[in-house]
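Commentary on secondary and tertiary structure
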Amino acid sequence: MSPNEPSLSSSPPSSSLQEGPSSSSTTTTTSTTCNTTNNNNNNNHATSKLLDVILKPKYVLDAPHPCLAPTIAPSSTEATTTSSNTTTTTNHQKTNRHKQNVKNSQKRSRETTLSDLKMCKQLMVGNQCPFGDNCKYSHDIKELLSMRQDDIPGVKGGCPHYRIHGKCPYGIACRVGGEHLNLATGENLPRQVKTEREEEGDATHQQHPPPHVMNNLDYSVLVSLRKKKYPFVCQRHVRGTSKSKQNHDVNNTTDSNSNSNSNSNGNSDTVEEELKHQNDNVHVEEHGQDDVKQEEPTAPTARSTSTTLKTTTTDQAMDLSPLPKMKKLIDFRNKVYVAPLTTVGNLPFRRVMKRYGADITCGEMAVAFNLLQGKAGEWALLKRHKDEDVFGIQIAAPHGDVYERISELIKNENIEIDFLDMNLGCPIDVICKTGAGARLMQRDHNLRDAIKGMGKHLSCPITVKIRTGWDENKPFAHNLVPKIQKWAMGNVGAVMVHGRSRLQRYSKLADWDYIQKVANSQSCDLERLPIIGNGDIFSYVDYEEKVLGHEALSPTAMIGRGALIKPWLPTEIKERRHWDISATERLDILKDFVSFGLEHWGSDTHGVNTTRRFLLEWLSFLCRYVPVGLLEESSIPQQMNQRPPRFMCGRSDLETLMMSGNSADWIKISEMLLGPVGEGFEFQPKHKATSYK
């Protein structure tokens, strides 16, 4: 078989990811010419309509499969009311969408757990209560054991905390605690855990074992950020204020100077006041205004000249200034990079991706203002597992000084990252209205200040994630990248270009020809930056045609939605095959995610509910995958813009269940892994893609 022909394999990935199909797996050849023609047609940017994927006739049905949950259709009265409301509120569509987002973001109701009861927490985890009989919480172990829920069966590896650390911190509240609990007495049994280095006799490792999860910010730092007492070096510079505000600042210059010592941290302004004073129109920069004119110095006198020469000679002889910091470069070439993914791109998901061949991972987008306010939930997005050998974080901020303050925190608090990604591509209205995300692409001065400011503090490179522009008809990324190249000064390691505009979001195909144009727009007189393309990579054929087919681009497979739908995609790209993965193997992937989730979010009821929520969010993407064995040869591989028929079935009931787009079926899958849900439990995905209907 020719090495250019794709292979269909149902075998698991080999230990060494090498190019070429595996000789031990059962393969079925398909027509490369047909695939190439199909991909070239789909890669045409003008053709953006949704195409139907063609299934074999025996897998196409006329009605839903009996194993699926019934779909509840809205009544005629509800449909009439909805249509009338849509007609009357056309002019207030944005307002209604904002209200709906606020409603969806409200705190979900949760069930009462053992952790919520007035039971002594020390007693629950197996420790001795320091207050004894004077403790205001109950010490009735029998009552606590009688209220304990049954263990969740079938969790892979049992309690992850007991397996890794030797003792579970949740004690009686652990939902998988059968192996470390004495259910008669409630005792939380510990066990001794030895690592490989401990068995070799490494005494240092025994005293200070390396953490499994890094980048845990100290609580005292969070408190100082919340109280605005963190000793930042960079001062706040609120630009874009109105003229009356500027005149008011000039009149109060004396007062501000007298109070400079008390406000040296520059944290007095709240985020709400800062966002209120922003003016988007002032921040939009015109081309050709990057250079600031300076006044020409007057000619010095003879005496001043001689003094200057002596001073210069002395400074040259006694130059004690520190050398510039060397950046730790990252080679993105020939690697699979999992792009930052909001909500679903959490730490357990990234661990799954590492198991299936991902080389580089990046945390979810973190909002800089929330980080500077000391919000623990936002700082949790920066956590890194020890398995992530090349890891970066993505920050969204509107101003250069905000980025510089974040870089100060990263340096001072020893946040372990390999690169920092600047988010200039987020299309969400809430982010863009603050001047961050895709809006920052239109603010040259802010972007320049951010790159130069972070370069003073970070020892790792900076990457910049951008889109083609704001509007599809007026792309300007080819004008922005040469400016970034000019401002880089050795600080920028790569530029990631998403082949869509901000207004397009994800509803149309990525324009890879324009990404090639962006890469070729760089100046030959300066050091060229690696340009990494992003958009619609769903198979190794897409990677070879869209990335390797454009010579100016870095040979990096940057995957986003493709990783959510096919987490085994890195293996397909490296082994150059279409993996016909079975439903049982896909269920094993979900079992790994559940085990990682209970380890990360906790094995008590709160942790189980959190793990279930993110599992359901992921299942809303996993259901879009159509197994290779169900497709006609002309539809192999499945494209990102192709959609399956409304009614279809798989080769087993489990495979049919995994292809269902009904949230009730996703809940059924979660019950197979995390036990039954509470009465009246419902789920609606947070991200409803307009490109998938």
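Residues numbered from 1 in each chain as written. Predicted model: local features only at pLDDT ≥ 70, side-chain atom pairs only at ≥ 80, totals over all residues. Heavy atoms only, no water.

Moving on, we come to unusual backbone geometry. Most of the time, phi is negative for any residue but glycine, and the peptide bond is trans. A cis amide bond links Ile636 to the next residue, Pro637, at an omega of 0°. Take Pro637: it is sitting in the loop between helix H27 (605-622) and strand E16 (642-643). One non-glycine residue with positive phi stands out, namely Met489, at about 55°. Here Met489 is to be found in the loop between helix H21 (477-488) and strand E12 (492-498). For Met489, a relative accessible area of 68% puts it in the exposed group. (Helix = DSSP H or I, 4+ residues; strand = E, 2+ residues; numbered from the N terminus. Buried < 20%, exposed > 50% of the residue type's maximum accessible area, 1.4 Å probe, protein only.)

Before going further, it helps to examine the state of the cysteines. In this structure the tally under the stated criterion is zero disulfides. No disulfide involves Cys426; its sulfur sits 5.9 Å from that of Cys432, the nearest cysteine. (Disulfide = S-S within 2.5 Å.)

Enumeration over the complete set of coordinates arrives at 24 salt bridges. Between Asp151 and Arg148 there is a salt bridge whose closest N-O contact spans 2.6 Å. Between Arg333 and Asp331 there is a salt bridge, with the nearest N and O atoms lying 2.8 Å from each other. The class of Asp331 is partly exposed, set by a relative accessible area of 37%. Each of the salt bridges in this network shares a partner with another, and the network as a whole consists of Arg351, Lys386, Asp387 and Glu599. (Salt bridge = Lys/Arg side-chain N within 4 Å of Asp/Glu carboxyl O.)

Turning to the packing of aromatic side chains, a few remarks are in order. Scanning the entire structure with this criterion turns up 11 aromatic pairs. The interplanar angle of 50° and the centroid separation of 6.1 Å between the aromatic rings of Phe332 and Tyr337 together place this pair among those described as tilted. Taking the relative accessible area as the measure of exposure, Phe332 reaches 4% and is therefore buried. Using a relative accessible area of 0% as the deciding quantity, one classes Tyr337 as buried. Ring geometry for Tyr356 versus Trp579: centroids 6.3 Å apart, planes at 40°, classification tilted. Of this pair, Tyr356 sits in the loop between helix H15 (347-355) and strand E7 (360-367) while Trp579 sits in strand E15 (residues 578-579), and the two are 223 residues apart along the sequence. A relative accessible area of 13% means that Tyr356 is categorised as buried. Members of the aromatic cluster, joined through ring pairs, are Phe349, Phe593, Trp601, Phe614 and Trp618. (Phe/Tyr/Trp six-rings, centres within 6.5 Å; stacked < 30°, edge-to-face > 60°.)

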